[in-house]
Amino acid sequence: MIELVNISKSYPTNDLYRDLNLRLNAKDKVGLVGRNGTGKSTLFKLILGEEHQDSGEIKLPKAYKIGALKQYFDFTEKTLINETALALSEEDKYEIYKAEKILFGLGFTMEDLEKDPKSFSGGYQIRINLAKLLLTEPNMLLLDEPTNYLDILSIRWLKEFLKNFQGEVILITHDRDFMDSVCTHTLGIVRKSAFMIQGGTRKFYEQILANEEHHEKQKIAQEKKIKDLEEFIAKNKARAATATLAQSKVKILEKMDILEDLDYDANLKFDFNYKDSAAKFLVEVKDLSFGYTPDKILFKDITFALSKGETIGIIGKNGKGKSTLLNTIAGELEALSGSVDFHSSCVFGHFGQTNISHLNQNNTIMDEIYSVNHKLEEAVIRSICGLMMFSGDNAKKKISLLSGGEKSRVMLGKIIAQNVNLLFLDEPTNHLDIDSIDALTNAIKAFKGSCMIVTHSEELLRAVCDRLIVFTNDGADYFNGTYDEFLEKIGWEDDAVEEKKVEKPKRNKKEIKKLRAEIVTQKSQATKPIRTRIEEIEALSGQEKLKHEQELRELQKQLDKLNDEFQKKLDEI
């Protein structure tokens, strides 16, 4: 369906590809992997025509549409339906039902259609962008880190949607579990070329390792053969009887394609330095509550004790207070009530998005490492920089010149430079590539101290977390069990369900329009009295509103049931 032939691309300071080749067939879903800086996002720009290759050709079928999901939100209309309808083609600009159908398929309700698109959560704003993209009816989706800034529920929903998408997909993501569950193939940019296999990332890296071992064995065998040929030529070229034979060996040597030494990528590999502690509990939290205003409480009366060697995961939707809880425990925010008691031997390291913003832009990487431990000698600082993949002169780079992933590695380096027994990690996998995330996961597992992690990565949760603090619509609750036990015993209240495939209607447009109009009218008539009563209760003040809480819950249930019934009718058209 799409073919890249002998693609080369370079910049003044970097060669990205040399003779890169790739062919995708119908319904292939491809996970694109490679170290940061190898040109994954650039490959998308080449396919989209936003940049041009130095040489080679990109072949697309006639009328083949490629769509890229926007990560940023630039909404200009005041209602969801009007914003989404902007994506309709000129000939379909009055076919609003098309926008409605896709929005309903993506989990929006009839009531949502008139809401401001900016009022939705980040996960639902991604769905708005996706709805606009699908209205263009693309044959292929190019998705560059689509899970960035999405919470677990939105990630689980997007995963199911992509599994059911009927076109081709190329996906870049640092979330290995997400990629492996969606993709049929794995494509890697390795040593400035492309290599693709059928299967997931683990199979891909196993194959790369096997290929490298085979190459090294071939190279050893070739070097031995070259040595034997050179020795034979040296011994026999001067003898008349063997000179002809020696000359033939010279020709063999000249025609031989010499296998090059493989250029191996630097790998992140490290351990956190553990400060010994005899404490049973490193930190005890009791009745902790926080809110930016008294009437907007993010969490209330959280109580738990963190044992030595234990890891607690903090999970939930965006905007519910996960990072705020971690920052409150770490002392960066003042609690409304409750207490946080650290054992006298406790020393913690804190990795968070706020910490990254506090990096001194004028400092070098070495300066930042030194700033947290003035006792370190230069050789030790350079060693830590090397562990974080900043070797040689790279350790003297200024923070202002670093990418997001490089700044994350500097923050990890600053924690490594200290002896700690408690780690606070807020979204530590953001900006790291798959290899670096594996190294971080292994370092957390090997750490003898305790850890608290805010993350949306289900893979990291499964790998390291013993217990959870779960943020839901009703606040935060402590869960004494692993993530899989949480899914089995409780699960998410708004968990992702398998989306129906968005297919073109088989009826003609007139018939569909008429049927939809009838159903929408029926729905409006059936739900109007309930919606009117809900609005009356919502308009009440304080105590009066509290008296009608039970009635409000019952009305909402009735409304949800009716919405579901009419939605099924709409889906059947």
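Residues numbered from 1 in each chain as written. Predicted model: local features only at pLDDT ≥ 70, side-chain atom pairs only at ≥ 80, totals over all residues. Heavy atoms only, no water.

- Looking at an unreviewed UniProt entry, one finds the chain named ABC transporter ATP-binding protein and attributed to Halarcobacter ebronensis.

**Describing the sheet that holds strand E12 (residues 311-316)**
Right, so step 1: Spatial strand order, E14-E15-E16-E12-E17-E18: 6 strands in an open sheet with mixed pairing. Both outer strands of the open sheet, strand E14 (348-351) and strand E18 (475-479), are each paired with one neighbouring strand and no more. Sheet twist, expressed as the average angle between the axes of neighbouring strands with direction ignored, equals 15 degrees.
Right, so step 2: Alignment of E12 against strand E17 (residues 467-472), held across 5 bridges, turns out to be parallel. Its bridge partner being in E17, isoleucine 312 is matched across the sheet by arginine 467. (Pairing = 2+ DSSP bridges. Helix = DSSP H or I, 4+ residues; strand = E, 2+ residues; numbered from the N terminus. Axes fitted to C-alpha atoms, helices over the stretch in contact; angles between N-to-C directions.)

**Remarks on the side chain of asparagine 373**
Right, so step 1: Inspection of the secondary structure assignment puts asparagine 373 in the loop between helix H11 (365-371) and helix H12 (378-387).
Right, so step 2: Engagement of the side chain of asparagine 373 in a polar contact is seen with the backbone nitrogen of lysine 375, the distance being 3.1 Å.
Right, so step 3: Separated by 2.9 Å, the side chain of asparagine 373 and the backbone oxygen of alanine 417 make a polar contact. (Polar contact = N/O pair within 3.5 Å; in protein donor to acceptor, adjacent residues only side chain to side chain.)

**Some points on the packing of aromatic side chains**
Note on aromatic pairs: each is described by the distance of the centres and the angle between the planes.
Right, so step 1: Throughout the structure, instances matching the rule amount to 15 aromatic pairs.
Right, so step 2: Between phenylalanine 272 and phenylalanine 447, the aromatic rings sit 6.0 Å apart at their centres with planes inclined by 75 degrees, giving edge-to-face as the arrangement. Of this pair, phenylalanine 272 sits in the loop between helix H8 (243-255) and strand E10 (281-293) while phenylalanine 447 sits in the loop between helix H14 (434-446) and strand E16 (450-454), and the two are 175 residues apart along the sequence.
Right, so step 3: Each residue in the set Phe290, Tyr292, Phe299 and Phe471 is aromatic and connected to the rest through ring pairs, giving one cluster.
Right, so step 4: The cationic tip of lysine 249 hangs over the ring face of phenylalanine 232; the distance from NZ or CZ to the ring centre is 5.6 Å. (Phe/Tyr/Trp six-rings, centres within 6.5 Å; stacked < 30°, edge-to-face > 60°. Lys NZ or Arg CZ within 6 Å of the ring centre and 35° of its normal.)

**A look at the environment of leucine 143**
Right, so step 1: If you trace the backbone, leucine 143 turns up in strand E6 (residues 140-144).
Right, so step 2: With a relative accessible area of 1%, leucine 143 lands in the buried category.
Right, so step 3: Distance in space between the C-alpha atoms of leucine 143 and isoleucine 172 is 6.1 Å, their sequence separation being 29 residues.
Right, so step 4: If we ignore the near neighbours within four places in the chain, the residues touching leucine 143 are Phe44, Leu69, Leu162, Val169, Ile170, Leu171 and Ile172. (Buried < 20%, exposed > 50% of the residue type's maximum accessible area, 1.4 Å probe, protein only. Contact = heavy atoms within 4.5 Å.)

**Let's talk about the packing of helix H4 (residues 122-135) against helix H5 (residues 152-164)**
Right, so step 1: Relative orientation of the contacting elements H4 and H5 amounts to 20 degrees, with a least axis distance of 10 Å. Comparing their axes, H5 and H4 come out roughly parallel. Note that H4 runs across H5; the crossing there is right-handed. Mapping the contact onto sequence places Gly123, Arg127, Leu130 and Leu134 in H4 and Ser154, Trp157, Leu158 and Phe161 in H5.
Right, so step 2: Considering only residue class, the contact of H4 with H5 consists of 5 nonpolar, 2 polar and 1 charged. (Parallel < 35°, antiparallel > 145°, perpendicular 65-115°, else oblique. Left-handed = near helix turned anticlockwise from the far one by under 90°. Nonpolar A, V, L, I, M, F, W, Y, C, P; charged D, E, K, R; others polar.)

**Focus: the pattern of salt bridges**
Right, so step 1: Across all of its chains, the model carries 24 salt bridges by this definition.
Right, so step 2: With a closest N to O distance of 3.4 Å, glutamate 378 and arginine 382 form a salt bridge. Taken together, the positions of glutamate 378 and arginine 382, both in helix H12 and 4 residues apart, correspond to about one turn of that helix.
Right, so step 3: Taking the shortest distance from any N to any O, the salt bridge between glutamate 551 and arginine 533 comes out at 2.9 Å. Here the residue glutamate 551 occupies a position in helix H19 (residues 549-572), and arginine 533 occupies one in helix H17 (residues 509-538), the gap between them amounting to 18 residues. (Salt bridge = Lys/Arg side-chain N within 4 Å of Asp/Glu carboxyl O.)

**Some points on helix H7 (residues 201-236)**
Right, so step 1: The first and last C-alpha atoms of H7 sit 52 Å apart over 36 residues, in line with the 52 Å expected at 1.5 Å per residue.
Right, so step 2: Residues Thr201, Phe204, Ile208, Glu212, His215, Lys219, Gln222, Ile226, Leu229, Ile233 and Asn236 constitute the buried set of H7.
Right, so step 3: Residues of H7 that are buried make contact with strand E3 (29-33), helix H6 (176-182), strand E8 (185-190), strand E9 (193-198), H8 and H14. (Expected span 1.5 Å × (residues − 1).)

**With respect to the environment of cysteine 346**
Right, so step 1: For cysteine 346, the position within the fold is in the loop between strand E13 (337-342) and E14.
Right, so step 2: Taking the relative accessible area as the measure of exposure, cysteine 346 reaches 14% and is therefore buried.
Right, so step 3: Here the alpha-carbon distance between cysteine 346 and glycine 449, two residues 103 residues apart in the chain, equals 9.7 Å.
Right, so step 4: Sequence-distant contacts of cysteine 346, that is, excluding residues within four places in its chain, are made with Leu282, Asn421 and Leu422.

**Section: the pairing of E16**
Right, so step 1: Most of E16 is tucked away, with 5 of its 5 residues classed as buried.
Right, so step 2: The side-chain alternation of E16 yields two buried faces, one formed by Ser450, Met452 and Val454 and the other by Cys451 and Ile453.
Right, so step 3: Relative to E16, E12 is paired through 4 bridges, and the arrangement is parallel. Bridge pairing in E16 places glycine 313 opposite isoleucine 453.
Right, so step 4: Relative to E16, strand E15 (residues 422-426) is paired through 5 bridges, and the arrangement is parallel.

**Concerning the domain arrangement of the chain**
Right, so step 1: Domain boundaries assigned for the chain yield domain 1 (2-205), domain 2 (210-255), domain 3 (281-495) and domain 4 (509-572).
Right, so step 2: Centre-to-centre, using C-alpha coordinates, domain 2 lies 57 Å away from domain 3. (Domains from an automatic or database assignment.)

**So, the pairing of strand E11 (residues 296-307)**
Right, so step 1: Where E10 lies against E11, 8 bridges are found, and the strand directions are antiparallel. Looking across to E11, one finds that valine 283 is bridged to leucine 306.
Right, so step 2: What sits between the antiparallel neighbours E10 and E11 is a turn of 2 residues.

**Some points on the nonpolar core**
Right, so step 1: By size, the foremost hydrophobic cluster in this structure holds 52 residues, and its most contacted members are Leu130 and Leu162.
Right, so step 2: Viewed by domain, this core spans two of them, domain 1 (2-205) and domain 4 (509-572), each represented by three or more residues.
Right, so step 3: Sequence-distant contacts of leucine 130, that is, excluding residues within four places in its chain, are made with Leu69, Leu106, Trp157, Leu158 and Phe161.
Right, so step 4: With 48 residues, the next largest nonpolar core counts Ile384, Ile415, Val420 and Cys451 among its residues. (Core = buried A, V, L, I, M, F, W, Y, C linked by side-chain atoms within 4.5 Å.)

**Side note on the packing of helix H3 (residues 96-105) against H4**
Right, so step 1: H4 packs onto H3 with a crossing angle of 135 degrees between their chain directions and a minimal axis gap of 10 Å. By the angle class used here, H3 and H4 are oblique. Crossing geometry of H3 relative to H4 is assigned as right-handed. Every residue of H4 that contacts H3 at Lys98, Ala99, Ile102 and Leu103 is listed here: Ala131, Leu134 and Leu135.
Right, so step 2: Broken down by class, the residue content of the contact of H3 with H4 amounts to 6 nonpolar, no polar and 1 charged.

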